[in-house]
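Residue-level structure breakdown
Given next are the chains, with one letter for each unit.
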Amino acid sequence: MALVTLQETTLAHGRGRHRHVVLDSISLALQPGERVALLGRSGAGKSTLLEALRGELGNAAAWCPQGQGLVGALSVYHNVYMGRLERTSTWRNLRNLLRPEHHAWEAVAELCTLLGIGELLRRPVEQLSGGQRSRVAIARALYQARPHFLGDEPIASVDPHQGARLLRLITERHGMCLIALHQRELALTHFDRVIGIEQGRIALDEPTSDLTLEQLDALYRPWTPASPG
Ligand SMILES: Nc1ncnc2c1ncn2[C@@H]1O[C@H](COP(=O)(O)OP(=O)(O)OP(=O)(O)O)[C@@H](O)[C@H]1O
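This write-up is about the structure you can find in this document. (Residues numbered from 1 in each chain as written. Predicted model: local features only at pLDDT ≥ 70, side-chain atom pairs only at ≥ 80, totals over all residues. Heavy atoms only, no water.)

Take unusual backbone geometry next. You will see that E8, though not glycine, has its phi angle at about 45°, which is positive. Along the chain, E8 falls in strand β1 (residues 4–13). (Helix = DSSP H or I, 4+ residues; strand = E, 2+ residues; numbered from the N terminus.)

Structure representation (structure tokens):
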């Protein structure tokens, strides 16, 4: 049985005169255990689709947002710890903010070491590089320890080699993974299926074994509105 299904669903922003349809009457089903890459040009609707699926999956999916949503003034430890804030009481969270609990510190440290940022635990996130921040955001999503994973360009700021390693870490810890990215080679090598969106529709939805780089490149070609008549 599919984990989540969209059936002729239209996704839009705004209301009334300001309503802007991003994806029109799309259908898709995500299966347990699938690793799915989400591709499409900037503005194609990847984030919009991820938000809709996030609404469907709720707490079953860890969420790694675009732009990371980190708190710059807080340490790496505290940003990662925030992945589980909702699971503990406000009082305990406040106490942990001032004086980290030993077992929470150990768990975050272990995760950060795995991601190559173990030595940065006490460093405020605002003092990190873009790639280091990406890894903090991924650590925070992994710390959520949810069955599935939704990621909006989580490896955008890292080199391909590191990107491949991070994708492996994410996919081996989750059942279904749906990850937006622009690295087409990694989409082919680290995923089972690619969903490509273009001009308000799902233009491609195939197993990676049936796909070539050229087919993925086609999702990024500049498009011109159809000429009249
Ligand atoms: N809150 C919003 N209100 C109105 N329009 C929005 C809103 N968020 C996104 N859009 C519009 O919806 C369309 C799809 O945006 P979306 O962020 O889903 O694209 P994307 O594929 O994730 O792009 P990128 O790769 O640049 O992150 C764009 O035209 C964008 O301007």
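Having put the structure on the table, let's press on.
Our next topic: the nonpolar core. Ranked by internal contacts, the top residues of the largest apolar core, which has 48 residues, are L39 and V76. Within the residue set of this core, elements represented by two or more residues are β3 (35–39), β4 (61–64), α2 (76–81), α4 (102–114), α5 (130–143), α6 (160–172), β6 (177–180) and α7 (184–190). If one sorts the elements of this core by residue count, α5 sits on top with 7 residues. Every residue in contact with L39, bar those within four places of it in the chain, is listed here: K46, L181, R184, A187, V194, I195, G196, I197, L216, L219 and Y220. (Core = buried A, V, L, I, M, F, W, Y, C linked by side-chain atoms within 4.5 Å. Buried < 20%, exposed > 50% of the residue type's maximum accessible area, 1.4 Å probe, protein only. Contact = heavy atoms within 4.5 Å.)

The strand order β4-β5-β6-β3-β7-β8 describes an open sheet built from 6 strands, whose pairing is mixed. Strand pairing shows two members of the sheet lacking a second neighbour, β4 and β8 (201–207), which therefore form its edges. Sheet twist, expressed as the average angle between the axes of neighbouring strands with direction ignored, equals 15°. Sheet strands in contact with α5 are β4 and β5 (148–152), and its direction is about 165° off that of β4. (Pairing = 2+ DSSP bridges. Axes fitted to C-alpha atoms, helices over the stretch in contact; angles between N-to-C directions.)

The next thing to look at is the packing of α5 against α6. Helices that pack against each other are described as a pair by the angle of their axes relative to one another and the distance between those axes. It is at 11 Å that the axes of α5 and α6 come closest, and there the two elements cross at 10°. Our classification of the angle between α5 and α6 gives roughly parallel. Across from R135, I138 and L142 in α5, the residues of α6 making contact are Q162, L166, L169 and I170. For the contact of α5 with α6, the residue count by class is 5 nonpolar, 1 polar and 1 charged. (Parallel < 35°, antiparallel > 145°, perpendicular 65-115°, else oblique. Nonpolar A, V, L, I, M, F, W, Y, C, P; charged D, E, K, R; others polar.)

Note that strand β7 (residues 193–198) and β8 share 6 bridges and pair antiparallel. In the strand pairing of β8, R193 is matched with P207.

Another point: the layout of surface pockets. For the largest pocket, the calculated volume is near 230 Å³. Lining the largest pocket we find R54, G58, N59, A61, W63, P65, M82, G83, E86, R140, Q144 and R146. For the lining of the largest pocket, the class distribution of residues is 4 nonpolar, 4 polar and 4 charged. (1 Å grid on protein atoms, 1.4 Å probe; cavity = no way out; pocket = protein on both sides within 12 Å on 5 of 7 lines; lining within 4 Å. Points joined across faces, edges and corners; volume = space filled by probe spheres on them.)

With respect to spatial proximity, 14 residues lie near the ligand, and among them S42, G43, K46, S47 and T48 are the closest. In the model, an oxygen atom of the ligand is placed 3.5 Å from a nitrogen or oxygen of the H20 side chain. In this structure, an oxygen atom belonging to the ligand sits 2.9 Å away from a main-chain N or O atom of G45. A total of 640 Å² of accessible area belongs to the ligand in isolation, and the protein chains cover 60% of it. (Near = heavy atom within 4 Å. Polar contact = N/O pair within 3.5 Å; in protein donor to acceptor, adjacent residues only side chain to side chain. Areas by Shrake-Rupley, 256 points an atom, 1.4 Å probe, with all protein chains shown as cover.)

We now examine the side chain of H148. Of note, H148 is situated in strand β5. From its side chain, H148 meets the backbone nitrogen of M176 in a polar contact 2.9 Å long. Aside from chain neighbours lying at most four places away, what touches H148 is L3, A60, A61, A62, H174, G175 and M176.

A word on the packing of aromatic side chains. Under the definition given, this model contains 3 aromatic pairs. Here the aromatic rings of Y81 and Y143 are separated by 6.5 Å at their centres, their planes lie at 40°, and the arrangement is tilted. Of the two residues, Y81 sits in helix α2 while Y143 sits in helix α5, which places them 62 residues apart along the sequence. Judged by relative accessible area, which is 5%, Y143 ranks as buried. Aromatic ring contacts, followed pair by pair, group Y77, Y81, W105 and Y143 into a single cluster. Stacked on the ring of Y220, the Lys or Arg R184 has its end atom at 4.4 Å from the ring centre. (Phe/Tyr/Trp six-rings, centres within 6.5 Å; stacked < 30°, edge-to-face > 60°. Lys NZ or Arg CZ within 6 Å of the ring centre and 35° of its normal.)

To continue, consider the packing of α4 against α5. Across the interface, α4 lies against α5 with an axial gap of 10 Å and an inter-helix angle of 125°. With respect to α5, the element α4 is oriented oblique. Between α4 and α5 lies a crossing of right-handed hand. In contact with A104, A107, V108, L111 and C112 of α4, α5 contributes A139, L142 and Y143. Of the residues in the contact of α4 with α5, the class split is 8 nonpolar, no polar and no charged. (Left-handed = near helix turned anticlockwise from the far one by under 90°.)

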